[in-house]
Structures are given as structure tokens and as C-alpha cells.
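Given next are the chains, with one letter for each unit.
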Amino acid sequence: MSRIGWGIIGCGWIGTEAVAPSIAWSQNGRLVAVASRDRDLAEAKAREIGADKAYAPYEAMLADPEVEAVYIGLPNGLHEEWAIRCAEAGKHVLCDKSLTMTVASARRIAAAFRSRGLRLIEGFMYRHHPQWTLVRSLVAEGRIGAVRIVRSSFCGRFDKPTNHRWSASLGGGALWDLTCYCVNVSRYVTRAEPVRVAAFADARTPEGVDASTAASLEFEGGVLASVTGSLRAGREQSVVLVGDEGTIEVVSPFLPRWESATVILRRGADGVEERRFEVPGANQFLHQAEHFASLVLDPSRDPWPAEDGVRNVAACEAIEKSWRGGSPVSIEVV
């Protein structure tokens, strides 16, 4: 089987502790290099994760012909610059969420890859867990009737004030780090796009980023979704789909246990008919890496194009405009 050569930009936890091992374990990829702004850090991380090469600064890695695809694991505020630099160097990119923070920026990034025939995907790894294949199948089969409501939440505590999530210039805030997952999953399960949002946020932080965000989204076809994310709450994650004939609860939607994941189907007017599905454990980062490599190796396939990331950014940007402006905001479907 053909294997693509990967490089990782950024030495944060996700890139080196989750993505790098997944690339090394994948059947269609190999880990070539890691890049940091600091040479010593790059060399230490290369030894730690088993990369053949270490580069500093980032652009040095982009000159390596063995690197065909790049995982960008930098803070959100740096994604546009380095995604476009990757495109200019002829590299395919799997970019950590959020792709960027404005529709205009997202469109610039997508255009840079489209014009060169390169792959660009916003990396929401949760989609690659098999529990979501089950959930979408249950919905498609009409097991809960027509979906009317989607409720989702993703919260965690990040107490260090130096964490990039608290920096406005680096694209911090709960919306772009955690609430974006809830927006994405609402779009993923409904197979529709939001057209209007109303949002609130706790932005009492030194740089004015949101520590917590809550929003209501109206989707094409009348589906309503509530999304919540927080950088100051205890760890919590949940997704519930409410149909006119039942509900589906995804117990660990974004970060499931390695052992198994639980999906609960409840039917009937009072929800007394219950069935629990135990989905075997899976490495969603591994499946993500293999999926991306398969798209690079087969240009004829086109699931989840760059525009999918642009649409998620459009919804999240509208949420930010709503909580900052204090009124509902309409979304132009991209």
C-alpha cells in the first residue's frame, strides 16, 4: 500500500501525543518530520515521537520533498498564515479545528488549496469514531422520526493564564476551541446548515475572549440546536438528538473512552423503550489520519471538502457577532 509522508507543524499535545502516534500506526502514512520555532524542542520532540527529521523554523520543513501532507497543530490565530504557506509549498493540509476565525479568512485558505488541486480538511477527529456512523444510520433509518432538536455541550477547565486559549491574538476563547465542536456535530447529524443564531457569552477575561459560550441555532428545515462550551467549567460532554418519535443520546461524543462508547436510543411517547448500543473502542485520530491520506492518494474522492470547514467557520463567526452585538445574526449559507 502507498504511504504519504507527513510533517507536523507545532509541538503541542494534540500534534505530538495524539496525531503523531496515529500517523505512525496508520497503514497509508509515515511520519517524516516535526517542526517548531525552537530547534532544541523540535529535535527533542522528533526523538520522542519517532519522526525522522526535526526542523526549525516551520518553513524549513515545507522545503522537504518527502513531506507531502502537513498537520497544523498551531493556535487558531496562526492557521491562515501557515495553511496558505503549506499550499504555496505544494503540501496537503489537515488543519486542527478551528480552521480560522472569519469567513473571509476561511475562503482565502480554501481558495489557496483549490487553485492548486490540494486537499484541505478541518480536523474534527470525533467524526471518525464509528459511533457516529451508527448515530447517522439511526437517524437516516428514521428510528427517532424527524429530528427536531439537537442539544450539545463540551466543557473543560484551562486555568493557566498563559494558555493560548485565553489570547485574543491567537484565536482563543471557548467558541473557537470547544463550542465549535457542538456547532460541527449539529451540522453533521442534521446534514443541514444553520441560517440564524442568537448567542451569549461570558467575556469577562483580560483580553475579552469568551470563557463560556451558549447559542441557539436555527437550521434549514426548522431544526433547532443549542450549543454550549466553556473553558472554565468542569469536564463535560454530551449530545442528544430529539426526534418526534424518540431520542438518541451519545454519552461520550467528542472524547470517548478507548474501551467502548455508548449510544442510547429511546423511543415512544414517554421514552420507556430503550436500547443501548456499545460501540467497540477506536482510535479516532488514527482513523482521521488514514481517511485524510486516502483522499490524498485518490484525488477522485471528495467527501468533506474544504468548504465544509468554511461553513463551520461561518456559523461560529455568526455566533461571535451575536454575543458581541447582543442580537440575533443571520448566516449566509456558504
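Scoring rules and cut-offs
Residues numbered from 1 in each chain as written. Predicted model: local features only at pLDDT ≥ 70, side-chain atom pairs only at ≥ 80, totals over all residues. Heavy atoms only, no water. Helix = DSSP H or I, 4+ residues; strand = E, 2+ residues; numbered from the N terminus. Rg over C-alpha atoms; globule rule 2.2 N^0.38 Å. Buried < 20%, exposed > 50% of the residue type's maximum accessible area, 1.4 Å probe, protein only. Contact = heavy atoms within 4.5 Å. Areas by Shrake-Rupley, 256 points an atom, 1.4 Å probe, with all protein chains shown as cover. Lys, Arg positive; Asp, Glu negative; His and termini not counted. Charge placed at Lys NZ, Arg CZ, Asp CG, Glu CD. Pairing = 2+ DSSP bridges. Phe/Tyr/Trp six-rings, centres within 6.5 Å; stacked < 30°, edge-to-face > 60°. Lys NZ or Arg CZ within 6 Å of the ring centre and 35° of its normal. Axes fitted to C-alpha atoms, helices over the stretch in contact; angles between N-to-C directions. Right-handed = clockwise from strand over helix to strand, strands pointing away.

Asker: Would you mind showing me how to read the overall build of the chain here?
Answerer: Looking only at helices and strands, the chain has 9 helices and 15 strands in total. Whereas a compact globule of 334 residues would reach a radius of gyration of roughly 20 Å, the chain reaches 20 Å, a difference of no more than 12%. On the principal axes, the C-alpha backbone points of the chain span a range of 60 × 45 × 40 Å. Burial analysis of the chain (334 residues in total) assigns 57% to the buried set. In the chain, the share of contacts with a sequence separation of at least 24, taken over all contacts with a separation of at least 6, comes to 67%. Accessible surface, the chain: about 14,100 Å² in total, of which carbon and sulfur atoms supply 50%. A distance of 1 Å separates the average location of the 38 positive side-chain charges in the chain from that of its 41 negative side-chain charges.

Asker: Quick question: what am I supposed to make of the environment of Arg47 here?
Answerer: Its place among the elements puts Arg47 in helix α2 (residues 39–49). Along the chain, Arg47 and Val34 lie 13 residues apart, while their C-alpha atoms are 9.9 Å from each other.

Asker: Any chance you could explain the pairing of strand β7 (residues 147–157) here in plain terms?
Answerer: Remark: a regular strand shows side chains that alternate across the two faces of the sheet. Where β7 meets strand β11 (residues 232–243), 9 bridges bridge the pair, whose relative direction is antiparallel. Along β11, the bridge assignment pairs Val147 with Gly243.

Asker: What exactly am I supposed to notice about the packing of aromatic side chains here?
Answerer: To describe a pair of aromatic rings, one takes the distance between the centres and the angle between the planes. If you walk through the whole model with that rule in mind, you get 11 aromatic pairs. Judged by centre distance (5.4 Å) and plane angle (50°), the rings of Trp6 and Phe292 are tilted. With Trp6 in strand β1 (residues 4–9) and Phe292 in helix α8 (residues 284–297), this residue pair connects regions lying 286 residues apart in the sequence. For the pair Trp6 and Phe292, one class covers both residues: buried. Ring geometry for Tyr126 against Phe254: centres 5.5 Å apart, planes inclined by 90°, an arrangement best described as edge-to-face. With Tyr126 in the loop between β6 (120–123) and α6 (130–140) and Phe254 in the loop between β12 (246–250) and β13 (260–267), this pair connects stretches of sequence that are 128 residues apart. For the pair formed by Tyr126 and Phe254, the shared burial category is buried. Here Arg85 stacks its cationic end above the ring of Trp82, 4.4 Å away from the centre of that ring. In this arrangement the basic side chain of Arg136 is found over the ring face of Tyr188, its NZ or CZ atom lying 3.9 Å from the centre.

Asker: Please clarify how the sheet that holds strand β10 (residues 224–230) should be interpreted in this entry.
Answerer: Each strand in a sheet pairs with another by means of backbone hydrogen bonds, the pair being arranged parallel or else antiparallel. The strand order across the open sheet built from 9 strands is β14-β13-β12-β11-β7-β10-β9-β8-β15, with neighbouring strands paired in mixed fashion. Each end of this open sheet is capped by a strand with a single partner; those strands are β14 (273–280) and β15 (329–330). Sheet topology places β13 next to β14; 8 bridges connect them, and they run antiparallel. The residue of β14 that forms the bridge with Arg266 is Glu274. The strands touched by helix α9 (residues 306–325) are β8 (194–202), β9 (212–219), β10 and β15; relative to β8, the strand with the most contacts, the crossing angle is about 50°.

Asker: Before we go on, may I ask you to explain the pairing of β1 in this structure?
Answerer: Here β1 lies mainly inside the structure; 6 of its 6 residues are buried. Alternating residues of β1 divide into Ile4, Trp6 and Ile8 and Gly5, Gly7 and Ile9, and every residue in both groups is buried. The parallel pair β1 and strand β2 (residues 29–35), bridged by helix α1 (residues 13–25), forms a crossover whose chirality is right-handed. Sheet analysis places β1 next to strand β4 (residues 69–72), joined by 4 bridges and oriented parallel.

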